Amino acid sequence: MKRLITLFCVTVLFSLGGCASMFDHGGTRQAGSVVDYLYPDAKEPPKMEATVTRLRLPVRVGIAFAPGGGYGGGGLQEAAKTQLLERVKASFGQYDYIGSIEVIPSSYLRPRGGFANLDQVARMFNVDVIALVSYDQIRFNDTNRLAVLYWTVVGAYLIKGDQFDVQTMVDAAVFDVRSRKLLFRAPGTSQVKGSSTLAGYSKEVRGAQSDGYAQAVDQMIPQLRAQLAGFKERAKSDPGIQVDRSQYRGGHGAGSFGWLAALLAVGVAWCIGRRHA
C-alpha cells in the first residue's frame, strides 16, 4: 500500500510539473481584468441589472486601467498606461457634454477592490463616470494548442496565437459609479506576427509588445467614439437614463448664447460710455 501511495504521489508531481512546463513554454502574459477587479468572487461573467442611471451634465469622467496581477508576465508599465490613457482621453474631450476628464494612476485602484474601491476613487478624483480599460496580452513562445479564455463584463474571448506571435486585447468599459451600471463598452484587438527574433527577451520583444498595445488602442478608439455618440442619442429616449441639464452650458445650448449676449451688451455699453465721456 505504501508503494502504491508513493507511486501515486510521484505521478501527481510529474503531472503538475508537466502542466507548469506547458504554461512556461506557452508564453508570457500581461493582464488586467475589469471582471477580476469589480467582481472578484464571480464564477462567470456578471449579469447586468436593470437600474436607473442619473447623469448630471457636464459629466465628469475618470479613465483608468484595471489593476493587473496573478500572471507570470507581470503588468503593463505605468508610463505606458499613462501614454495610452491620454489617447483615450482625447476621445472623450471632443464632446461638449463631457466636463473634466481625469487620468487616474493605477496605484489608486486596489486589485480585487470591487465597487467599494471604485467609489473611493470616484470621490477622490471627483468624477461621476469611470472608463475602466482592461487588457490582456500574450506572447507565445511555442505553437499554442490551448487558447486562453479572457472574461469581459459582457462575455468571454478566446485568445489564440502561433509561435512568437504577440496577441493583444483591450476593452474600455464605461460605468456610472453611483448606479454601478455599465453604460457602454468598446473593444480593440491586435496581432503582431512574430519571428525567431522574438524567441528570447530582447529589444524586439519589447517593441512587439508596445506595438501590440498601440495597435489595439488604435482599433478601440473609433469604436469608443461611436459608442459615445450612440449613447448621447440613446439617452434621449432610454427610460433607464435620466439626464439633469440644469447646470449644463453646452457649446450649442441656450446658456452659452445668453452669456454671449451679455458680453455683447457690456461691450456696447462701454462703447457708448466712451463716446459721451
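Preceding this section is the structure that the text describes.
A brief structural summary. A quick note: this is a predicted structure, and the numbers were derived from the prediction, not measured.

Our next topic: the overall build of the chain. Tallying secondary structure elements over the chain gives six helices and ten strands in all. Buried positions account for 41% of the 277 residues belonging to the chain. Sequence-distant contacts in the chain: of pairs separated by 6 or more residues, those separated by 24 or more amount to 74%. Carbon and sulfur atoms make up 57% of the accessible area of the chain, which totals about 15900 Å².

The terminal C-alpha atoms of helix 3 (residues 78-93), which comprises 16 residues, lie 22 Å apart, in line with the 22 Å expected from a rise of 1.5 Å per residue. When we look at burial in helix 3, the residues that qualify are Lys81, Leu84, Leu85, Val88, Ser91 and Phe92. For helix 3, the arc enclosing every buried residue in end-on projection is 105 degrees, short of the 170-degree limit, so these residues lie on one face. Of the residues in helix 3, the exposed ones pointing more than 90 degrees away from the buried face are Ala79, Gln83 and Gly93. Where the residues of helix 3 are buried, they touch strand 3 (59-65), strand 4 (98-103), strand 5 (129-139), strand 8 (166-176) and helix 5 (203-234).

With that settled, the discussion passes to the packing of aromatic side chains. For the structure shown, the criterion picks out seven aromatic pairs. Here the aromatic rings of Tyr95 and Tyr97 are separated by 5.7 Å at their centres, their planes lie at 45 degrees, and the arrangement is tilted. What makes Tyr95 buried here is its relative accessible area of 15%. Their ring planes at 85 degrees and their centres at 5.0 Å tell us that Tyr108 and Phe125 sit as a pair that is edge-to-face. With a gap of 17 residues between them, Tyr108 in the loop between strand 4 and helix 4 (114-125) and Phe125 in helix 4 connect regions that are remote in the sequence. Judged by relative accessible area, Tyr108 falls into the partly exposed class, the value being 37%. By the ring-pair criterion, three or more aromatic residues cluster together here, those being Tyr39, Phe115 and Phe175.

Note the cis peptide between Leu57 and Pro58, where omega equals -5 degrees. Take Pro58: it is sitting in the loop between strand 2 (53-56) and strand 3. Notably, Arg112 is not glycine yet its phi reads approximately 60 degrees, a positive angle. Note on placement: Arg112 falls in the loop between strand 4 and helix 4. For Arg112, a relative accessible area of 49% gives the class partly exposed. Of note, the phi angle at Arg180 is positive, near 60 degrees, even though the residue is not glycine.

Within the secondary structure, Ser106 is located in the loop between strand 4 and helix 4. Leaving out residues up to four positions away in the same chain, Ser106 has contacts with Phe65, Glu78 and Lys81.

This part takes up the environment of Asp128. Residue placement: Asp128 occurs in the loop between helix 4 and strand 5. For the pair formed by Asp128 and Arg60, sequence separation is 68 residues and the distance between their alpha carbons is 5.3 Å. Asp128 has contacts with Arg56, Val59, Arg60, Phe175, Asp176 and Val177, leaving out every residue within four places of it along the chain. In terms of polar contacts, Asp128 uses its side chain to reach the side chain of Arg60, at 2.7 Å.

Moving on, we get to the side chain of Arg29. Mapped onto the fold, Arg29 is located in strand 1 (residues 28-32). Here the side chain of Arg29 touches Asp136 through a polar contact of 2.5 Å, side chain to side chain.

This paragraph deals with the environment of Thr28. The topology assignment puts Thr28 in strand 1. Relative accessible area serves as the criterion here: at 15%, Thr28 is assigned to the buried category. Remark: the alpha-carbon pair of Thr28 and Val166, spanning 138 residues in sequence, is separated by 9.5 Å.

Further remarks concern the packing of helix 3 against helix 5. In contact at an axis separation of 9 Å, helix 3 and helix 5 are set at 20 degrees when each is read in the N-to-C sense. Viewed along their axes, helix 3 and helix 5 adopt a mutual orientation that is roughly parallel. The crossing of helix 3 and helix 5 is right-handed. Here Leu84, Arg87, Val88, Ser91 and Phe92 of helix 3 come into contact with helix 5, specifically with Tyr213, Ala214, Val217, Asp218, Met220, Ile221, Leu224, Arg225 and Leu228.

Reading the values: rules and limits
Residues numbered from 1 in each chain as written. Predicted model: local features only at pLDDT ≥ 70, side-chain atom pairs only at ≥ 80, totals over all residues. Heavy atoms only, no water. Helix = DSSP H or I, 4+ residues; strand = E, 2+ residues; numbered from the N terminus. Buried < 20%, exposed > 50% of the residue type's maximum accessible area, 1.4 Å probe, protein only. Contact = heavy atoms within 4.5 Å. Areas by Shrake-Rupley, 256 points an atom, 1.4 Å probe, with all protein chains shown as cover. Expected span 1.5 Å × (residues − 1). Arc of directions from axis to C-beta. Phe/Tyr/Trp six-rings, centres within 6.5 Å; stacked < 30°, edge-to-face > 60°. Polar contact = N/O pair within 3.5 Å; in protein donor to acceptor, adjacent residues only side chain to side chain. Axes fitted to C-alpha atoms, helices over the stretch in contact; angles between N-to-C directions. Parallel < 35°, antiparallel > 145°, perpendicular 65-115°, else oblique. Left-handed = near helix turned anticlockwise from the far one by under 90°.

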